[in-house]
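Summary of structural features
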Amino acid sequence: QGRSRLPRAQAEPSARAVADTSPPADAQVSPENKIEFFDFNPDADGFGQGDATVSSVEMLDEQGNNLRAIRGGEYVTLCIRGVARERLARPIIGFYVKDRLGQHLFGDNTYLTHIQRDNAVPAGGTIEARFGFEMPFLPPGSYSIGVGFAEGTQELHVMQHWIHDALIFKSQAPPSIRGLVGEPM
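Residues numbered from 1 in each chain as written. Predicted model: local features only at pLDDT ≥ 70, side-chain atom pairs only at ≥ 80, totals over all residues. Heavy atoms only, no water.

What follows deals with the environment of histidine 157. Counting through the fold element by element, histidine 157 comes out in strand 10 (residues 157–172). Spatially, the C-alpha atom of histidine 157 lies 8.7 Å from that of isoleucine 92, the residues being 65 residues apart in sequence. At 3.1 Å, the side chain of histidine 157 forms a polar contact with the backbone oxygen of threonine 153. Among the polar contacts listed, one links the side chain of histidine 157 to the backbone oxygen of glutamine 154, at a separation of 3.3 Å. (Helix = DSSP H or I, 4+ residues; strand = E, 2+ residues; numbered from the N terminus. Polar contact = N/O pair within 3.5 Å; in protein donor to acceptor, adjacent residues only side chain to side chain.)

Shown next, in the form of structure tokens:
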């Protein structure tokens, strides 16, 4: 599997002048953006029909180890596991990363990558989804990851279990960030 990244601007040759925003070679630039993860909270506020439940949410390193802390720009894998109480013909697992104001910064789900596969989960069965990405540089503050387990299609589905703040994390000591998130350039 390749690593997915947040969208990145592509450099195009141009005859116009472009300002160089790179720091001087002797500048002291700290790329450190410490991000600390807290434990999955299965009792956080949520909703859903209840034919399936989210059973765990973890942030993993490239070797599959549970992470407690990272630095912005590092590759991580968000692992979401669920259990079906009833048979689900077309399960979808997804997430959103939100800032302290509840603004959705980014997210994804399994629907499009699994649309052609038979992913039915029998009653009592388990399902796992892994989303790999480079954690963006984040301004200081608290963030959360909302996760969900649905059944159906992208356009027409029934939410079985959504947890608003399933995983909380905190960003400290960021580099100079402009906007809601920063992408390593």
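For the rest of this paragraph, the subject is the packing of aromatic side chains. Tallied over the entire structure, the rule returns 6 aromatic pairs. Centroid distance phenylalanine 106 to phenylalanine 133: 5.3 Å. Interplanar angle 75°. Geometry classified as edge-to-face. Here phenylalanine 106, found in strand 7 (residues 104–109), pairs with phenylalanine 133, found in strand 8 (residues 126–134); they are 27 residues apart in sequence, far enough to count as distant. A residue is classified by how much of its surface remains accessible, and phenylalanine 106, at 14% relative accessible area, is buried. For phenylalanine 133, a relative accessible area of 8% gives the class buried. The structure contains a cluster of three or more aromatic residues connected by ring pairs, namely Phe95, Phe106, Phe131 and Phe133. (Phe/Tyr/Trp six-rings, centres within 6.5 Å; stacked < 30°, edge-to-face > 60°. Buried < 20%, exposed > 50% of the residue type's maximum accessible area, 1.4 Å probe, protein only.)

Attention now moves to the sheet that holds strand 5 (residues 75–84). In a beta sheet, neighbouring strands are held together by backbone hydrogen bonds and run either parallel or antiparallel to one another. What the 3 strands build is an open sheet, ordered 3-5-8; its pairing is antiparallel. Looking at which strands have only one partner, the edges of the open sheet turn out to be strand 3 (52–60) and strand 8. Sheet twist, expressed as the mean angle between neighbouring strand axes with direction ignored, is 15°. With 8 bridges joining them, strand 3 and strand 5 adopt antiparallel strand pairing. Its bridge partner being in strand 5, threonine 53 is matched across the sheet by valine 83. (Pairing = 2+ DSSP bridges. Axes fitted to C-alpha atoms, helices over the stretch in contact; angles between N-to-C directions.)

Two side chains bearing opposite charge may form a pair once their charged atoms approach each other closely. Using the criterion set out here, one finds 5 salt bridges in the structure. Notably, a salt bridge pairs aspartate 39 with arginine 68, separated by 2.7 Å at the nearest N-O pair. Here aspartate 39, found in the loop between strand 1 (34–37) and strand 2 (46–47), pairs with arginine 68, found in the loop between strand 3 and strand 4 (69–71); they are 29 residues apart in sequence, far enough to count as distant. Using a relative accessible area of 56% as the deciding quantity, one classes aspartate 39 as exposed. Across the pair lysine 98 and aspartate 165 runs a salt bridge, and its minimum N-O distance is 3.3 Å. Taken together, the residues lysine 98 in strand 6 (residues 91–98) and aspartate 165 in strand 10 connect sequence positions 67 residues apart. A residue is classified by how much of its surface remains accessible, and lysine 98, at 11% relative accessible area, is buried. The exposure class assigned to aspartate 165 is partly exposed, which follows from its relative accessible area of 31%. What emerges from the salt-bridge pattern is a single network uniting Glu58, Arg81, Glu128 and Arg130. (Salt bridge = Lys/Arg side-chain N within 4 Å of Asp/Glu carboxyl O.)

Bringing the pairing of strand 10 into the picture now. As paired elements, strand 1 and strand 10 share 4 bridges and run antiparallel to each other. Bridging across to strand 10, isoleucine 35 finds its partner in serine 171. Relative to strand 10, strand 9 (residues 141–152) runs antiparallel, the two being bridged by 11 bridges. Looking across to strand 10, one finds that valine 147 is bridged to isoleucine 163. Turn length for the strand 9-strand 10 hairpin, with the two strands adjacent in sequence and antiparallel, is 4 residues.

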